[in-house]
Amino acid sequence: MRYALTRAAKALTLSATLALTLPSAVAAAAEPTEPQVPPLSVVSGTAPRGAGDLFVAPYENTPSGGYASGVEILSPDGRHVVWSHAVPAGQEASDFRKQTYHGKPVLTWWQGTGFGGAAQGVDYVYDDHYRRIATVHAGNGYTADGHEFLITPWNTALLLAYKQRTADLTSIGGSSHQKVLDGVVQEVDIRTGKVLFQWDAADHVPYAQSEQPLPSSPDSAWDWFHINAVKLDTDGDLLVDARNTWTTYEVSRRTGRVAWQLGGKASSFTLKAAPGRRLNDSGTIFAWQHDPQPLGNGVYTLFDNESAGAGNTGSGAVASLPYSRVVTVRLDTRRHVATLVRSVDQPEDLSAPSQGNAQTTADGDLVVGWGSLPYVSEFDRSGKLLFNAEFPAGVNTYRAYRFAWGG
């Protein structure tokens, strides 16, 4: 009903305007229009009953289609725009979602330029009347990266940043003065901007854990860790994800100590697959992954890219599986065993060499943004594909979500 009312109201406004100022309206219509945020086209299926609206942040990789980058709320079936906001030309937005701030629903996203080591951006909080109520910056001289902006239950923000430094890598066959990119987690007070907690990857993780090859020159910054997510685990500690070590780390919010590592060269767990499931060709549950999500009782989902390429470019990619997937892992911390209990494959058997997320809804469905692929999908508890939609060629959204929204 709200979409029909919105369209009707726009039609009445336009009719009144044309009746009063037809020459001006015709002249204005002849002027070039501003680029619009890209549409999402349904490929198959329908939105599940009672599903929330879709939250996406489309970005055109090669600006040839004339689309704007921005944030967008779509109706449950993906066919109608509830609200959209284009960002200035040359910028992009990411990690657009509904969150809660001081007990009220808000919209949040990152906005800026670059991603990862080149990121220059800020995080925004909007209320349910689409008014900006907070702008959050990284502290201590850092600039916020677009991989994550998470509001905690105590109304602080968890965000990510990158730091360039020089490291002696002779112990792993590298230069004594290699430029490296370290991943940084910050917890920031939204109201004051004060940094309450900071964690630097290089202070806790050896460079030797990286799966990313060393660059040919010491002057080329080595993205050895590539931090891409920070979550609150159910015990109150942090889940920090590093794409380039193939590892999710459980990190103490009090001391910064790494409690355990899932995946990678120094996994705290023996990795196994339940009957009917398969590890990848490297014998691991995931590779080049994103977005660990705690579901409780030692169960986690991750977006398993299985592909990256040199310097995370996607070129020269070596894949341990020929397709991306979402994996569900059960941890037995007493026996130190991690078991792959479920996997949901990309419907077209395609590989996403970057980005991606998986959201488990309240009714157990799985909403997946396929990262650098132009698809958004939803699956039921059994892995059946319920809904599949596609952006225009060259457009993707870093993450995709469903939320009930009354803005």
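Our structure is the block above this text.
Residues numbered from 1 in each chain as written. Predicted model: local features only at pLDDT ≥ 70, side-chain atom pairs only at ≥ 80, totals over all residues. Heavy atoms only, no water.

Q: So what's going on with the sheet that holds strand β9 (residues 149-151)? Which residues, and what values?
A: With antiparallel pairing, 4 strands are arranged side by side in an open sheet as β9-β10-β11-β12. Each edge of the sheet is formed by a strand with only one pairing partner; in this case those strands are β9 and β12 (195-200). Sheet twist, expressed as the average angle between the axes of neighbouring strands with direction ignored, equals 30°. (Pairing = 2+ DSSP bridges. Helix = DSSP H or I, 4+ residues; strand = E, 2+ residues; numbered from the N terminus. Axes fitted to C-alpha atoms, helices over the stretch in contact; angles between N-to-C directions.)

Q: Account for the pairing of strand β5 (residues 92-101), naming residues and giving values.
A: Counting buried positions over the 10 residues of β5 gives 8, a clear majority of the element. Note that β5 and strand β6 (residues 104-113) share 8 bridges and pair antiparallel. Paired with alanine 93 across the strands is glutamine 111, a residue of β6. Hairpin remark: β5 followed by β6, antiparallel, with 2 residues in the connecting loop; positive phi at histidine 102, about 50°. (Buried < 20%, exposed > 50% of the residue type's maximum accessible area, 1.4 Å probe, protein only.)

Q: Can you break down the pattern of salt bridges residue by residue, with the values?
A: Under the definition given, this model contains 15 salt bridges. Across the salt bridge formed by aspartate 200 and lysine 163, the nearest N and O atoms sit 3.9 Å from each other. In this pair, aspartate 200 is assigned in strand β12 and lysine 163 in strand β10 (residues 156-167), connecting sequence segments 37 residues apart. The class of aspartate 200 is buried, set by a relative accessible area of 8%. One salt bridge connects glutamate 187 with arginine 253, and the closest N-O pair in it is separated by 3.2 Å. Note that glutamate 187 is positioned in strand β11 (residues 178-189) and arginine 253 in the loop between β15 (247-251) and β16 (258-262), a separation of 66 residues in sequence. On the accessibility criterion, glutamate 187 (4% relative accessible area) is buried. (Salt bridge = Lys/Arg side-chain N within 4 Å of Asp/Glu carboxyl O.)

Treat this as a map of the structure, not an account of what it does.
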